[in-house]
Amino acid sequence: MAELDERDAVQLHQEDVDIKGVANIHDTNDLQAVKNEAHTEGDAKPSTTTIERHVSIQSQLEVLEQLVDLNGAGRKSCPLCPEEKFKACYSHKLRRHLHNLHWKVYVEFEGQRMCICHLPCRNLKPSPGGDQTSGRHVAHYHCVVCSSTIARKTDMISHLKRHVNKGETEASYSGNWEMLCDEAAPSGQAYEIMKELGTNVQLLPNHTTPQKSDTYFNRKMKSNRQLVFCALAVLAEERSPVECLDAFGATGIMGLQWAKHLRATVRVTISDISETCVKMIRENCQLNSIRVGGASPGAAGPEELAAGEGDAIATVEVAKMDANVMMHLRSFDYIHLDPFGTTVNYLDAAFRNVRNMGIVSVTSTDTGSLYSKSPNVTLRHYGCHIVRTEYYRELAARMVVATVARAAARCNKGMEVLLAVALEHFVLVVVRVLRGPTQADEAAKRLRQLIHCQWCEERVFLKRGSLVDDTSQLPCHCHGSMPGKTAVELGPLWSGPLFNTGFLRRMLFAAVQHSMEDIQALVKTLICESDCTTLKAFAHGPSAPANQVECGVVIKTLERAEDSGAGDQPGKRKTGEESGSIVKKMKSEASLEHPAFYYSIHRHSIKGLNMPKLNKFLQYLTEAGFRVSRTHFDPTGVRTDATLEQFKAVLTQYSAPSYAGNASAGHQGGPATESPA
């Protein structure tokens, strides 16, 4: 009888390596039925080695009750408790015990309940003093994925989350994982098919964890991908074909969107250092009827190219190569850098061979160092000293632009900022490359220190040639009324404009043309921010301005190309008197650049007063003679050329006391029923 009990306990807990006890289970017939069922499942898959689930893992209460014949007569033991914990009892009491203890104390995962188990599967660890009561065992849960035993419920939940992040399933531990991964992706067993902007891509189960997955994919970066797409579409209007590089392909979705929608106007190259990523990119090309071209190492063979050549809509070159090596070996018109984290390690290679008037877009996702959470990391990567401020997002954008400008200057190249966006998950900077040491010097002169008041958060860029610790340039009077040092120097930062209005208008036209509704509102906000205006009507399509001047270069769009004269060649730098007149015009319009930084209306609100609506407050600032606009950096921020003191004066003037009630509507400059601008 003892041998029989031992065999039964081993059969129940054969997946646990730390079996140290024996369970007394008297109902041998019921246990034999469970074992026969397990043998039947094993016979159905003789080619794989499977791990049987523990009896404490059930999907329904009825199945748990079937482990014991509750309809039979006599006393019966609990299948999940040893004899010394729960003695044999009659059926009605055992049913109540199974329901109230085991079925209600559980951890659920994918429809399976891991009920609490009191069997001697896991012994209590001895205390540091060596005292341990003999025969005492720890209540625990059995993992449905790997069959490990964990005592605490919270630890089991964290354990299951790690399985999910790693993309591990029950098949990973049963011998079926290799079979699933070897099957084709459309079978739906190993991959998930995701569609974005008409492009299908395959995703591994752990695609959301960059530390565990080579083919990382972030759904929250959709706006970033669409902004980069519109920037490339604008460049494709200036020159054709555009040789573009997605240096960090991962799933390849960005490069596939370029090729699928821009077709013959672009020549797309997708590179990645991971063999897994390169393989998945090729599979995603076949999924979208895109031909894989190029003679890079590990490229598809001639038979694979010929198979999809008849119905291919575009051609993409896929290369397994380090991003720095790829950018040193070849020249491109458009380069996009989107590594996991900082991009500072790839900027030198990007500017080494990028063509003149080309575009480099940089996506930085190391928000911890960009948003002043890790100042030591910020100093190491970007060489900037920053602190947490109300305008920390624009501070991060200007810091990235300054790093990009220094990298371009090391290659004797200048740049013009076309776009700088800082959102919750990333900072995107798009710049146009201008060759020549003169352009590099002009860009380097834009790098300045920022004086920031720690009391009122007023800020101003330090003028070139100023004395050290010259806080008199701050418009506020905190340095005279407060004891000690009130201001700190931040930077170096980019002091020039962050947007190009003409480029943004053409990006808006591209977003409308390709039905990108998600970013149209964002691009409109950027255009308002670039002009520092509150206008909300935008001209795009045939009524849009045909020619835009960027850094002395006439950029012509395709919609109004026939209206320009023969002397204006698109993408050609002007020379002689014409170029000189444009430079003088640009210098005369320097004062029209949008003001640096913004103020938060809630940060500077007056206690005890009700603030006016934001759109109304913008109207009041405009009537006071200031340039104003909203900003994408902060939904409650106001970009204006007014100083903080002037900003607070207007805010105080049009704020009403909290107790005034409805009478404040007339004081705020209009009836209460008037809709905001």
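Quick notes on the rules
- Residues numbered from 1 in each chain as written.
- Predicted model: local features only at pLDDT ≥ 70, side-chain atom pairs only at ≥ 80, totals over all residues.
- Heavy atoms only, no water.
- Helix = DSSP H or I, 4+ residues; strand = E, 2+ residues; numbered from the N terminus.
- Expected span 1.5 Å × (residues − 1).
- Buried < 20%, exposed > 50% of the residue type's maximum accessible area, 1.4 Å probe, protein only.
- Polar contact = N/O pair within 3.5 Å; in protein donor to acceptor, adjacent residues only side chain to side chain.
- Salt bridge = Lys/Arg side-chain N within 4 Å of Asp/Glu carboxyl O.
- Axes fitted to C-alpha atoms, helices over the stretch in contact; angles between N-to-C directions.
- Parallel < 35°, antiparallel > 145°, perpendicular 65-115°, else oblique.
- Left-handed = near helix turned anticlockwise from the far one by under 90°.
- Contact = heavy atoms within 4.5 Å.
- Nonpolar A, V, L, I, M, F, W, Y, C, P; charged D, E, K, R; others polar.
- Core = buried A, V, L, I, M, F, W, Y, C linked by side-chain atoms within 4.5 Å.
- Phe/Tyr/Trp six-rings, centres within 6.5 Å; stacked < 30°, edge-to-face > 60°.
- Lys NZ or Arg CZ within 6 Å of the ring centre and 35° of its normal.

## What to know about helix α18 (residues 501-513)
With 13 residues, α18 extends 18 Å between its outermost C-alpha atoms, agreeing within 8% with the 18 Å of an ideal straight helix rising 1.5 Å per residue. In terms of burial, α18 is largely enclosed, as 10 of its 13 residues are buried. All of the buried residues along α18 are T501, G502, F503, L504, R506, M507, L508, F509, A510 and A511. Backbone nitrogen of G502 and a side-chain oxygen of the N-cap are separated by 3.2 Å at the start of α18; the cap is N500. Immediately downstream of α18, the backbone of S515 shows phi near 55°, a positive value.

## Details of the pattern of salt bridges
Tallied over the full model, the rule gives 17 salt bridges. Residue R267 pairs with E243 through a salt bridge whose shortest N-O separation is 3.9 Å. Within this pair, whereas R267 is found in strand β9 (residues 266-272), its partner E243 is found in strand β8 (residues 242-246), the two being separated by 24 residues in sequence. With a shortest N-O distance of 3.6 Å, R505 and D531 are connected by a salt bridge. Note that R505 is positioned in helix α18 and D531 in helix α19 (residues 517-531), a separation of 26 residues in sequence. Here the salt bridges share partners, and the residues they tie into one network are R239, E243, R267, D333 and R355.

## Side note on the packing of α18 against α19
It is the contact of α18 with α19, at a shortest axis distance of 9 Å, that shows an interaxial angle of 165°. Relative to α19, α18 is oriented roughly antiparallel. The interaxial crossing formed by α18 with α19 has left-handed handedness. Here T501, L504, R505, L508, A511 and V512 of α18 come into contact with α19, specifically with I519, Q520, V523, K524, L526, I527, S530 and D531. Counted by class, the contact of α18 with α19 contains eight nonpolar, three polar and three charged residues.

## A closer look at the nonpolar core
Within the largest apolar cluster, 116 residues are counted, with the highest numbers of intra-cluster contacts made by W258, M327, Y334, L337, F351, V427 and W494. The leading source of residues in this core is helix α15 (residues 392-410), at 12 residues.

## A look at the packing of aromatic side chains
Overall, the coordinates contain nine aromatic pairs when judged by the stated rule. Judged by centre distance (4.8 Å) and plane angle (80°), the rings of F248 and Y346 are edge-to-face. Taken together, the positions of F248 in the loop between β8 and α8 (253-262) and Y346 in the loop between β12 (332-337) and α12 (347-353) put the pair 98 residues apart, joining distant regions of the chain. The two residues F248 and Y346 agree in class, both being buried. Ring centres of Y599 and F647 lie 5.3 Å apart, and the angle between their planes is 40°; on these two criteria the pair is classed as tilted. Linking Y599 in strand β21 (residues 599-600) with F647 in helix α22 (residues 644-653), this pair joins segments that are 48 residues apart in sequence. Of the two residues, Y599 and F647, both sit in the buried class. Through successive ring pairs, a cluster of aromatic residues spans Y391, F461 and F597. Its end group placed over the ring of Y392, R388 keeps NZ or CZ at 3.8 Å from the ring centre.

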